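Here's the letter readout for the chains.
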Amino acid sequence: MGRARVIVIGAGSTGAATAHDLALRGLDVIVVERGEVASGTTGRNHCLLHSGGRYCVTDEEAGIECIDENLTLRRIMPDLLELNDGLFVATNEDDLAYRDTFLEACARSHIPARELTPARARRIEPFLTPDVLTAVQVPDGVFEPYRFCLAFLATAQASGAEVRTFTEVVDLASDNGFVSGVTVVDRLTGDVDTIRADLVVNAGGPWAERLASMAEVDVPVSPTPGVMVTVDRRLNNMVINRLNTPSD
């Protein structure tokens, strides 16, 4: 009996890492991506390797998941990460009052955290305001999304996976109510193909709902808008956060 075949829809961070994992486990993996690698949400993120500090107070489960994944990525792809750490900075009395809550949540989520004096924080991050009252250092980091995905896909390919970019899923094939493959269109040539598989993984990000609907499965996705500002130079050495309750 041949190896089980898995189709992974999407070559962003989730799809690329899933393909990497499945290929290492000996499965026959095909990745299909409607555009280029990391051309969707992954290529538009803020490139942070979260320690979990941003979430640990209001969502402990997410905080633990972040630090666990952070430590895994540090172990398996150290050359692709900038492990510059992060600071949660207090600049007023409200921030300062939040410090103990934050440190206790970090401890519960096993996130390494240590408090720095204002002088120490400004030595390692010179552009911080002189109004710094305290700062907490956590193991945040940064990465380049395109290289991040390429690294996972390269190891998947080394284990026999196939990666098809500019290949859009237009329908899901099914047998007896079970998804058994995908119908794809090559967006460069217009060729249509049906690929059969034992399992199909939906890693379509914001398109996950539309893909799921092809199998008459309801996967509600509600993308929320965010605002990011791009500057033409690097202003800080570390990941900088406000030491206060996260909100919208």
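Please refer to the structure placed before this passage.
Residues numbered from 1 in each chain as written. Predicted model: local features only at pLDDT ≥ 70, side-chain atom pairs only at ≥ 80, totals over all residues. Heavy atoms only, no water.

Enquirer: Sorry, what's going on with the overall build of the protein here?
Expert: The helix and strand inventory of the protein stands at six helices and 14 strands. Dimensions of the protein, computed from C-alpha atoms along their principal axes, come out at roughly 65 × 35 × 35 Å. Within the protein, buried positions represent 39% of all 248 residues. Residue pairs at least 24 apart in sequence account for 68% of intrachain contacts in the protein once pairs closer than 6 positions are excluded. Carbon together with sulfur atoms contributes 51% to the accessible area of the protein, which is approximately 13900 Å² in total. Taking the average place of the 22 positive charges on the side chains of the protein and the average place of its 36 negative ones, the gap between the two points comes to 6 Å. (Helix = DSSP H or I, 4+ residues; strand = E, 2+ residues; numbered from the N terminus. Buried < 20%, exposed > 50% of the residue type's maximum accessible area, 1.4 Å probe, protein only. Contact = heavy atoms within 4.5 Å. Areas by Shrake-Rupley, 256 points an atom, 1.4 Å probe, with all protein chains shown as cover. Lys, Arg positive; Asp, Glu negative; His and termini not counted. Charge placed at Lys NZ, Arg CZ, Asp CG, Glu CD.)

Enquirer: Help me understand unusual backbone geometry, please; the structure alone is not making it clear to me.
Expert: Backbone geometry follows two general trends: most residues other than glycine have a negative phi, and most peptide bonds adopt the trans configuration. One non-glycine residue, Asp-85, adopts positive backbone phi at about 65°. A positive phi angle, near 50°, is found at Phe-166, a position not held by glycine. On the secondary structure map, Phe-166 appears in the loop between β9 (162-164) and β10 (167-175). The class for Phe-166 is partly exposed, based on a relative accessible area of 28%.

Enquirer: So what exactly am I meant to see when it comes to the sheet that holds strand β13 (residues 199-202) here?
Expert: Two pairing modes exist for strands in a sheet, parallel and antiparallel, and in both the strands are linked by backbone hydrogen bonds. With respect to topology, four strands assemble into an open sheet ordered β9-β2-β1-β13, the strand pairing being parallel. One side of each edge strand has no neighbouring strand; the edge strands of this open sheet are β9 and β13. Averaged over all neighbouring strand pairs, the angle between strand axes comes to 15°, with direction disregarded. Pairing analysis gives five bridges linking strand β1 (residues 5-9) to strand β2 (residues 28-32), with the strands arranged parallel. For Ile-9, the partnering residue across the bridge sits in β2 and is Val-32. (Pairing = 2+ DSSP bridges. Axes fitted to C-alpha atoms, helices over the stretch in contact; angles between N-to-C directions.)

Enquirer: Please explain the packing of aromatic side chains as it appears in this structure.
Expert: The geometry of an aromatic ring pair is captured by two quantities: the separation of the ring centres and the angle between the planes. Considering all chains together, one arrives at four aromatic pairs under this definition. Each member of the aromatic cluster is reached from another via a ring pair, and the members are Phe-88, Tyr-98 and Phe-102. Here the guanidinium or amino end of Arg-34 rests over the ring plane of Trp-207, the centre of that ring lying 5.0 Å away. (Phe/Tyr/Trp six-rings, centres within 6.5 Å; stacked < 30°, edge-to-face > 60°. Lys NZ or Arg CZ within 6 Å of the ring centre and 35° of its normal.)

Enquirer: Can you help me understand the sheet that holds strand β6 (residues 114-116) in this one?
Expert: If you trace the four strands from one edge of the open sheet to the other, you get β6-β7-β5-β14, paired in mixed fashion. For this open sheet the edge positions go to β6 and β14 (239-242), each flanked by a neighbour on one side alone. On average, each strand axis in the sheet is inclined to that of its neighbour by 30°, with strand direction left out of account. Both strand β5 (residues 86-90) and strand β7 (residues 134-138) contribute to a ladder of five bridges, which runs antiparallel. Across the sheet, residue Phe-88 finds its bridge partner in β7, namely Val-136.

Enquirer: Which parts of the structure should I look at to understand the pairing of β1?
Expert: Along any regular strand, the residues point their side chains to alternate faces of the sheet. Of all five residues making up β1, four are buried, and the element is well covered by its neighbours. With helix α1 (residues 13-24) bridging β1 and the parallel β2, this β-α-β connection has right-handed handedness. Here β1 runs beside β13; their pairing, made up of four bridges, is parallel. Its bridge partner being in β13, Ile-9 is matched across the sheet by Asn-202. (Right-handed = clockwise from strand over helix to strand, strands pointing away.)

Enquirer: How should I be thinking about the packing of α1 against helix α5 (residues 145-158) in this particular structure?
Expert: Two quantities define a packed helix pair, namely the angle between the axes and the distance from one axis to the other. Here α1 crosses α5 at 25°, and the two axes come no closer than 8 Å. One element, α1, and the other, α5, form an angle in the roughly parallel class. In the crossing of α1 with α5, the sense of the turn from one axis to the other is left-handed. Taking contact as the criterion, the partners of Ser-13, Ala-16, Ala-17, Ala-19, His-20 and Ala-23 in α1 are, on α5, Phe-148, Cys-149, Phe-152, Leu-153, Thr-155 and Ala-156. Looking at the contact of α1 with α5 residue by residue, the class counts come to nine nonpolar, three polar and no charged. (Parallel < 35°, antiparallel > 145°, perpendicular 65-115°, else oblique. Left-handed = near helix turned anticlockwise from the far one by under 90°. Nonpolar A, V, L, I, M, F, W, Y, C, P; charged D, E, K, R; others polar.)

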